Amino acid sequence: YQRRVHGGLHYPPFVDNFLPFPILSMIHNLSGSDRLSAMVLIHHRAQLQGSELYKGLGPELEVLLFHKDDPLQCITLDLILKMLPKLEPKDIEHFITLLGNKNVLKSSMFSESCRMRLYEIWISIYDNRLQEISETHKEALREYLSHGMADESQDIRDKLIEFWDQESRLPIDSLPRMERLFSTLYVPSLGEKWMQYSSGLLLRLVKRSHEFGDKSAIFKQSLANCQYKEMPITNTWQMKSLPMYSALI
């Protein structure tokens, strides 16, 4: 085994002689650094194997992903990302279902670096393979990508906000975008977090206005040059619940 490891690290094509099954059959009996080394070897040649390699991982994939071992989880997710272009639609659907059955979007299951890789997988599927999967899996994928905007990590939140704030994914007109936020991106379980990111995605439209950087768009002259005068305001408790000037309407 060690000779295979050293040979594969120095000359990756050497590993092809033992993929997918000779090395995959050994993974179950390996642990610690040996298992990680085997996954690194497989990762080197993942783009050449695709669906056959994914099927070869079989039940071991769930162990690799959900055993709390950050380096092993990360290399496994990197492996999936690398194989994506060659995976069959049913393999992608299997992966979406597998991750959907676990509470993978919380830090107790995956570290921030692992969650970032996972969202990169979701994004890659959404951008490149979306039309190949069923409507049920499309809906699950959209929900996962919506969860990213409410992630504990600021970096992940920023990445997913930027992802959705694209004309190819959300309209750049305010009313159609609002409608999409209340339909496609609405996730009841997110509650107030949905309110935060949906409001942010609406406000981002302001930046697209040609007047956004124009300092004179609202006030024709600097406020420092304006004349100010005092205005009486009724501050009694009876008026606190009413909008200002409502009595004049």
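Here, every reference points to the structure presented above.
Read on for a plain summary of the structure.

So, how was this worked out
- Residues numbered from 1 in each chain as written.
- Predicted model: local features only at pLDDT ≥ 70, side-chain atom pairs only at ≥ 80, totals over all residues.
- Heavy atoms only, no water.
- Core = buried A, V, L, I, M, F, W, Y, C linked by side-chain atoms within 4.5 Å.
- Buried < 20%, exposed > 50% of the residue type's maximum accessible area, 1.4 Å probe, protein only.
- Helix = DSSP H or I, 4+ residues; strand = E, 2+ residues; numbered from the N terminus.
- Contact = heavy atoms within 4.5 Å.
- Polar contact = N/O pair within 3.5 Å; in protein donor to acceptor, adjacent residues only side chain to side chain.
- Salt bridge = Lys/Arg side-chain N within 4 Å of Asp/Glu carboxyl O.
- Axes fitted to C-alpha atoms, helices over the stretch in contact; angles between N-to-C directions.
- Parallel < 35°, antiparallel > 145°, perpendicular 65-115°, else oblique.
- Left-handed = near helix turned anticlockwise from the far one by under 90°.
- Nonpolar A, V, L, I, M, F, W, Y, C, P; charged D, E, K, R; others polar.

## Considering the nonpolar core
At step 1: Grouped together as the largest cluster of nonpolar side chains are 53 residues, with contacts concentrated most on F95, L99, W122, L145, W164 and L201.
At step 2: Broken down by element, this core gets its largest block of residues, nine residues, from helix α8 (residues 112–128).
At step 3: Those residues in contact with L145 that lie beyond four places of it in its chain are Y119, W122, I123, Y126, L160, F163 and W164.

## Considerations on the side chain of D91
At step 1: Examined against the element boundaries, D91 turns out to sit in helix α7 (residues 89–100).
At step 2: Within the structure, the side chain of D91 is placed 3.3 Å from the side chain of K55, a separation counted as a polar contact.

## A closer look at the pattern of salt bridges
At step 1: Tallied over the entire structure, the rule returns 13 salt bridges.
At step 2: A salt bridge links R117 to D78; its shortest N-O distance comes to 2.9 Å. One end of the pair, R117, is in helix α8; the other, D78, is in helix α6 (residues 70–83), with 39 residues separating them in the sequence.
At step 3: For R117, a relative accessible area of 25% gives the class partly exposed.
At step 4: Residue R142 pairs with E139 through a salt bridge whose shortest N-O separation is 4.0 Å. Note that R142 and E139 are positioned in helix α9 (residues 135–147) at a spacing of three residues, about one turn of the helix.
At step 5: A single salt-bridge network, built from bridges that share partners, covers E162, D165, R177, R204 and R208.

## Focus: the packing of α7 against α9
At step 1: Running from amino to carboxyl end, α7 crosses α9 at an angle of 50°, the nearest separation of the two axes being 10 Å. On the basis of the axis angle, α7 is oblique to α9. Helix-helix and strand crossings are classified by hand; for α7 and α9 the assignment is left-handed. Contacts from E93, I96, T97, L99 and G100 of α7 reach α9 at H137, A140 and Y144.
At step 2: The residue makeup of the contact of α7 with α9, split by class, is four nonpolar, three polar and one charged.

## Quick word on the side chain of K138
At step 1: One can find K138 in helix α9.
At step 2: A residue is classified by how much of its surface remains accessible, and K138, at 8% relative accessible area, is buried.
At step 3: Here E135 takes part through its side chain, which lies 3.2 Å from a polar atom of the side chain of K138.
At step 4: Apart from residues lying up to four places away in sequence, K138 is in contact with L130, Q131 and I133.

## Things to note about the environment of V206
At step 1: Structurally, V206 is set in the segment after α12 (192–203).
At step 2: For V206 and S174, which are 32 residues apart along the polypeptide, the C-alpha to C-alpha distance reads 9.3 Å.

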